[in-house]
Amino acid sequence: MTKTPPRTRGLHELYAEDPEAADRLLWDREVDPLTRRGFLKRSSLLAMAAAVGAQIPFADRMPGGLIPAALAQSEEPFRLTGKEGLTVLNDRPINAETPPHLLDDDVTPGRVMFVRNNGLPPAVEAIDVDAWQLEIAGESCLNPQTFSIAELKQTFEHHTYQLQLECGGNGRSEYVPSASGNQWTTGAVACPSFTGARLRDVLEACGIGDDAVYIGYYGADDHVSGDPEREPISRGVPKAKALEDESLIAWAMNGEDIPYLNGHPLRLVCAGWPGSVSGKWLNRIVIRNRKHDGTKMEAPSYSVPKHPVAPGTEVPLEDFETIQSMPVKSLVTFPKTGVTHALGEALTVRGHAWAGDLAVDTVHVSIDFGATWQQAELQAAPNRLAWQRWSSAVAFPEPGYYEVWARATDSQGRAQPMVVPGWNPKGYLNNACHRIAVQVA
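Conventions adopted
Residues numbered from 1 in each chain as written. Predicted model: local features only at pLDDT ≥ 70, side-chain atom pairs only at ≥ 80, totals over all residues. Heavy atoms only, no water. Helix = DSSP H or I, 4+ residues; strand = E, 2+ residues; numbered from the N terminus. Rg over C-alpha atoms; globule rule 2.2 N^0.38 Å. Buried < 20%, exposed > 50% of the residue type's maximum accessible area, 1.4 Å probe, protein only. Contact = heavy atoms within 4.5 Å. Areas by Shrake-Rupley, 256 points an atom, 1.4 Å probe, with all protein chains shown as cover. Lys, Arg positive; Asp, Glu negative; His and termini not counted. Charge placed at Lys NZ, Arg CZ, Asp CG, Glu CD. Pairing = 2+ DSSP bridges. Arc of directions from axis to C-beta. Core = buried A, V, L, I, M, F, W, Y, C linked by side-chain atoms within 4.5 Å. Phe/Tyr/Trp six-rings, centres within 6.5 Å; stacked < 30°, edge-to-face > 60°. Lys NZ or Arg CZ within 6 Å of the ring centre and 35° of its normal.

To continue, consider the overall build of the protein. What the protein contains, in helices and strands, is 7 helices and 26 strands. A compact globule built from 441 residues should have a C-alpha radius of gyration of about 22 Å, and the protein, at 23 Å, falls within 12% of that. With 441 residues in all, the protein has 53% of them scored as buried. A sequence separation of at least 24 residues applies to 70% of the contacts in the protein between residues at least 6 apart. When the accessible surface of the protein is summed, it comes to about 19000 Å², and 51% of that surface belongs to carbon and sulfur atoms. Distance from the positive charge centre (40 side chains) to the negative charge centre (54 side chains) of the protein: 2 Å.

Our focus in this paragraph is the sheet that holds strand E1 (residues 87-91). Taking strand neighbours across the sheet as the criterion, the 3 strands line up as E1-E2-E3 in an open arrangement whose pairing is antiparallel. Each edge of the open sheet carries a strand with a single partner, namely E1 and strand E3 (115-116). Where strand E2 (residues 94-97) meets E3, 2 bridges bridge the pair, whose relative direction is antiparallel. Opposite Ala96, over in E3, you have Val115 as the bridge partner.

Within the span of helix H6 (residues 199-206), buried status applies to Leu199, Arg200, Val202, Leu203 and Cys206. Down the axis, H6 shows its buried residues gathered within 165° of arc, on one side only. After H6 finishes, the residue Gly207 shows a positive phi value of roughly 85°.

A separate point is the nonpolar core. In globular proteins that are soluble, nonpolar side chains generally tend to be buried together. Judged by nonpolar contacts, the single largest core of 37 residues is most densely connected at Ile136, Leu152, Ile249, Leu266, Leu268 and Ile285. Secondary structure elements with two or more residues in this core: strand E4 (133-137), helix H5 (149-155), H6, strand E10 (214-219), strand E12 (248-253) and strand E15 (282-288). For this core, the element with the highest residue contribution is H6, accounting for 4 residues. Once residues within four sequence positions are removed from consideration, Leu266 is found in contact with Trp132, Leu134, Ile149, Leu152, Ile249, Ala250, Trp251, Lys280, Trp281 and Leu282. Judged by nonpolar contacts, the second largest core, of 20 residues, contains Val328, Val332, Trp390 and Ala406.

With that settled, the discussion passes to the packing of aromatic side chains. The full count for this structure, using the stated rule, is 6 aromatic pairs. Geometrically, the ring pair formed by Phe369 and Trp405 is edge-to-face, given 6.1 Å between the ring centres and 90° between the ring planes. Pair noted here: Phe369 is in the loop between strand E21 (360-366) and strand E22 (374-375) and Trp405 is in strand E25 (residues 400-410), with a separation of 36 residues, a long-range link. The class for Phe369 is partly exposed, based on a relative accessible area of 45%. In this structure, Arg350 packs its charged tip against the face of Phe334, placed 4.2 Å from the ring centre. It is Arg407 that lies over the ring of Trp373; its NZ or CZ is 4.1 Å from the centre.

One open sheet holds the 5 strands; their spatial order is E19-E26-E25-E21-E22, and the pairing between them is mixed. Sheet topology places strand E19 (339-341) and E22 at the edges, where each strand pairs with a single neighbour.

Judged by how many residues are buried, strand E20 (residues 347-354) sits mostly within the fold: 6 of 8 residues are covered. Pairing of strand E18 (residues 329-334) with E20 involves 5 bridges; the strand directions are antiparallel. Looking at the pairing, Lys329 lines up with Trp354 of E20. As paired elements, E20 and strand E24 (residues 388-394) share 7 bridges and run antiparallel to each other. Residue Leu347 lies in a different strand from E24, and its bridge partner there is Val394.

Right under this line is the structure:
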């Protein structure tokens with residue numbers, strides 16, 4: 001159960017790998033294509049000026065790919081604007097996870113919501129909310145239509161749900177041998193509140209053919225290659241999932257605009273399944289008469305072997321199946337791992353638990369490496385497909401090093417494994433018990 005430490009990425013590493021990519025990632029900066037100097041976007045200049053703490057009088061002469069001297073000696077890992085404390089795993093596309101202790105809120109704040117992108121987000125200045133269009137089409141759409149965001153808000157009833165999203169590869173770093181992809185530890189999960197129109201209402205307004213079996217989405221993000229003919233991702237869900245009450249076309253998160261890196265101004269939310277089915281920068285939905293065949297719907301993307309395989313096995317593509325509901329899982333969000341605690345005082349521990357399309361039935365905690373367990377107090381979810389708060393008080397018998405483990409059981413009686421579950425080539429669905437370290441003195 002040894003975890004790979006989170007990989008933080010400093011300025012020097014980012015600029016050493018690709019200075020132009022680092023400019024884009026940190027400041028969304030583009031330079032004059034002839035002189036390779038300056039800032040073509042005012043927003044980029046303002047971002048850098050804010051970082052160094054003053055205006056930059058000779059900004060038009062500043063070479064591209066140059067680390068400002070005010071920051072050059074910093075050993076601090078790169079931090080995404082508006083995303084406080086996240087650990088950046090990759091910069092092209094941008095992917096960043098949240099340390100567990102920052103997920104202690106019942107409703108995840110936008111500033112700490114993880115970022116999982118397969119492509120490059122549309123440029124901020126290219127996002128015009130008033131002009132944004134959502135097309136509903138596909139071979140099983142009876143009356144294709146296009147809606148502006150204003151029309152969606154005016155035409156359809158608004159619904160607000162707290163909805164849990166988790167990357168299918170959350171926990172990938174624990175698999176041995178290593179699986180390809182971002183080496184998420186535990187922080188690719190969140191449960192904010194989303195507001196929007198029910199996907200069902202919009203689809204029904206456009207007519208769902210009798211032969212419809214699936215929906216697929218498309219977004220305004222670009223492929224990392226820059227090739228406009230290539231899609232970064234286009235996934236979807238079966239009709240039954242699309243028609244659930246909680247499946248939303250969302251324009252707000254936590255009562256505000258959706259954060260830019262999480263899909264502003266419009267996104268799909270189909271909670272409980274891999275986050276990749278909840279498309280960001282949403283501009284097109286298709287109603288299909290077959291399983292959607294967009295980019296990353298094909299195996300091995302977001303797919304696992306139909307039957308258990310030995311670690312390191314090469315699995316034929318025909319032996320994969322697409323991931324649907326995510327497995328039961330829990331997280332310790334308080335205290336932060338590594339805390340020192342006084343002997344003789346009970347320690348309050350708490351966190352969240354979730355179970356894909358299901359509910360969580362119980363949560364237990366252990367201080368003796370899973371030899372014995374005590375049941376935690378578990379709150380009901382605010383609505384279906386939201387995580388559930390749990391809490392417990394534990395007492396330690398003597399000084400020393402302890403680990404507090406958490407284990408959730410879903411409404412069908414399936415409990416988290418204490419160790420990493422069956423290996424799969426892409427490192428999906430790791431729902432092993434989360435644990436924190438406690439020094440008792």
